[in-house]
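Architecture at a glance
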Amino acid sequence: MQYNIALLKGDGIGPEITESAVKVLDRIGRKFGHAFCFAPYLIGGCAIDAVGVPLPQETVDGCLASDSVLLGAVGGPKWDHLSGEQRPEKALLGIRAALGLYTNLRPAKLFPALRGASPLRRDLVDAGFDIMIVRELTGGIYFGERGYRQGRFGEEAYDTEAYSEFEIERIGRAAFETAMKRSRRLTSVDKANVLETSRLWRKTMHRLAAEYPAVAYQDLFVDNAAMQLVRNPQQFDVIVTSNMFGDILSDEASQLTGSIGMLASASLGETTRGMYEPIHGSAPDIAGQNKANPIAMILSAAMMLRYAFGLSSEAACIEDAVDAVLAAGFRTADIIGDSGAAACSCTEMTAEILKAIG
Ligand code: NAD
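None of the values given here were measured: they were computed from a predicted structure.

Rules used throughout
Residues numbered from 1 in each chain as written. Predicted model: local features only at pLDDT ≥ 70, side-chain atom pairs only at ≥ 80, totals over all residues. Heavy atoms only, no water. Helix = DSSP H or I, 4+ residues; strand = E, 2+ residues; numbered from the N terminus. Rg over C-alpha atoms; globule rule 2.2 N^0.38 Å. Contact = heavy atoms within 4.5 Å. Areas by Shrake-Rupley, 256 points an atom, 1.4 Å probe, with all protein chains shown as cover. Lys, Arg positive; Asp, Glu negative; His and termini not counted. Charge placed at Lys NZ, Arg CZ, Asp CG, Glu CD. Expected span 1.5 Å × (residues − 1). Buried < 20%, exposed > 50% of the residue type's maximum accessible area, 1.4 Å probe, protein only. Near = heavy atom within 4 Å. Polar contact = N/O pair within 3.5 Å; in protein donor to acceptor, adjacent residues only side chain to side chain. Nonpolar A, V, L, I, M, F, W, Y, C, P; charged D, E, K, R; others polar. Pairing = 2+ DSSP bridges. Axes fitted to C-alpha atoms, helices over the stretch in contact; angles between N-to-C directions. Salt bridge = Lys/Arg side-chain N within 4 Å of Asp/Glu carboxyl O.

1. Digging into the overall build of the protein chain
Looking only at helices and strands, one finds twelve helices and twelve strands in the protein chain. Computed over the C-alpha atoms, the radius of gyration of the protein chain is 20 Å, within 12% of the 21 Å expected from 2.2 N^0.38 for a compact globule of 358 residues. Counting only C-alpha atoms, the protein chain reaches 60 × 50 × 40 Å along its principal axes. Of all intrachain contacts in the protein chain linking residues separated by at least 6 positions in sequence, the fraction that spans at least 24 positions is 75%. Here the protein chain has roughly 15,000 Å² of accessible surface; of this, 54% comes from carbon and sulfur atoms. Side chains of the protein chain carry 35 positive and 44 negative charges; the gap between the two charge centres is 4 Å.

2. Some words on helix α7 (residues 196-211)
With 16 residues, α7 ought to run about 22 Å at 1.5 Å a step, and its terminal C-alpha atoms sit 24 Å apart, in line with that. Taken together, the buried positions of α7 are occupied by Thr197, Ser198, Trp201, Arg202, Thr204, Met205, Leu208 and Ala209. Residues of α7 that are buried make contact with β5 (130-136), α6 (165-181), β8 (185-190), β9 (216-221), β10 (238-241) and α9 (243-256).

3. What about the side chain of Thr103?
Along the polypeptide, Thr103 turns up in strand β4 (residues 103-109). Residue Thr103 is classed as buried on the basis of its relative accessible area, which comes to 5%. Non-local contacts of Thr103, meaning those with residues more than four positions away in its chain, are made with Val134, Arg135, Leu137, Ile171, Ala174, Ala266, Ser267 and Leu268.

4. Section: the site of the ligand
Close to the ligand lie 20 residues, the nearest being Val74, Glu89, Gly281, Ala283 and Asp285. At a separation of 2.8 Å, an oxygen atom of the ligand approaches a polar backbone atom of Val74. Glu277 is positioned such that a nitrogen or oxygen atom in its side chain is 3.4 Å from a nitrogen atom of the ligand. Here the ligand, which alone exposes 810 Å², has 69% of that area covered by the protein. Class assignment of the residues belonging to the shell around the ligand gives a composition of nine nonpolar, seven polar and four charged.

5. A word on the sheet that holds strand β11 (residues 264-268)
Across the sheet, ten strands lie side by side as β2-β1-β3-β12-β11-β4-β5-β10-β8-β9; this open sheet has mixed pairing. Unpaired on one side and paired on the other, β2 (35-40) and β9 mark the two borders of the sheet. The sheet shows a mean angle of 25 degrees between the axes of neighbouring strands, direction not considered. Taken together, the six bridges between strand β1 (residues 2-10) and β2 define a ladder with parallel strand orientation. Across the sheet, the residue bridging to Asn4 is Cys37, located in β2. Together, β1, β2, β3 (68-73) and β12 (275-278) form the strand contacts of helix α1 (residues 14-32), whose direction differs from that of β1 by roughly 165 degrees.

6. Focus: the pattern of salt bridges
Where charged atoms from two side chains of opposite charge approach closely, those side chains can pair. A complete count under the given rule lists 20 salt bridges for this structure. One salt bridge in this structure joins Arg121 and Asp123, with 2.8 Å as the shortest N-O distance. Under the relative-accessibility criterion, Arg121 is labelled exposed at 55%. The exposed category is assigned to Asp123, whose relative accessible area is 51%. Residue Arg135 is joined to Asp247 by a salt bridge in which the shortest nitrogen-to-oxygen separation is 3.9 Å. With Arg135 in strand β5 and Asp247 in helix α9, this residue pair connects regions lying 112 residues apart in the sequence. One continuous salt-bridge network, built from bridges that share partners, spans Glu165, Glu169, Arg173, Arg207 and Glu211.

Quick look at the structure:
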């Protein structure tokens, strides 16, 4: 079977890690008898340099015509002086909106071999943890009305958060369905003691909870959730939350696993296409040095196989290979922790994973 994948390498370490994912998919294709065809498109800073905008229409059209989308990362200091609409990061919001991707799945799983790389005390992570953060992706404050105006103390800036019941119900259902496929525990995170949007969020989640009696449901304020994640991450299974809270909590959860370089994500909408990307950024501090950890990108490709193409055995083959390589002691610089291992490069880590796939 042939699968057409739009490949958005982006900026910084984006091209290095997407190259790793392409190699892994090629190997999986050979092993399992699939043809993965890649069509590269510009996004972010490299698109600004080439054609003057962060998200060219050709990129949107190419993604819409593809079976799925793989994205590296965008942004970097070269484009930091640009204003809001012209910034590379604007392309992320644009492509998510254009593809109707309102659900972001962000797994934060501690690989047994990486316990020593977690910043948490050993007794807190010995039992491991496996959290799925379900983040709303196309609403809330990142998409609300914003601007500058004259206020009581002179110029002021404002951003507004709005959520419709429809948007909350849509992400809520995705979260309850996700919980049903896992250990049936769902925590909804909000700030209902302060925010109106959170009060509507909570009311809608409670209505849905009545439809899913098999799911053990709880509410948590976001400040408490941030604390509980470092106090006892094992207590969580699925967490559902708004765009901005999810952005922040998933970075926190990612660090608990050892490194942001380990975490994949899937952005899903009404079609099976989706977009798959690591949760980290373009890491300009290590770009072009062959130091990047390719695992988040490679695991994103595995998520694509599972969610977009229904290729679960192929996805598991990649995940098992990553497990095996970590268990064998291979580490990129970001996940050395207390292992005492010598750092391997991005290409060396990729080569080990390819070997483990066989
Ligand atoms: P970042 O995630 O790029 O980097 C944070 C730290 O983590 C850095 O020290 C970096 O070296 C390290 N790191 C990240 N990924 C790594 C990997 N795979 N292997 C090893 N180390 C890794 O976040 P930042 O520095 O805040 O942002 C850099 C740029 O990326 C900014 O322009 C930002 O806007 C952009 N950004 C893009 C995305 C995206 O494309 N989805 C997400 C977040 C940030």
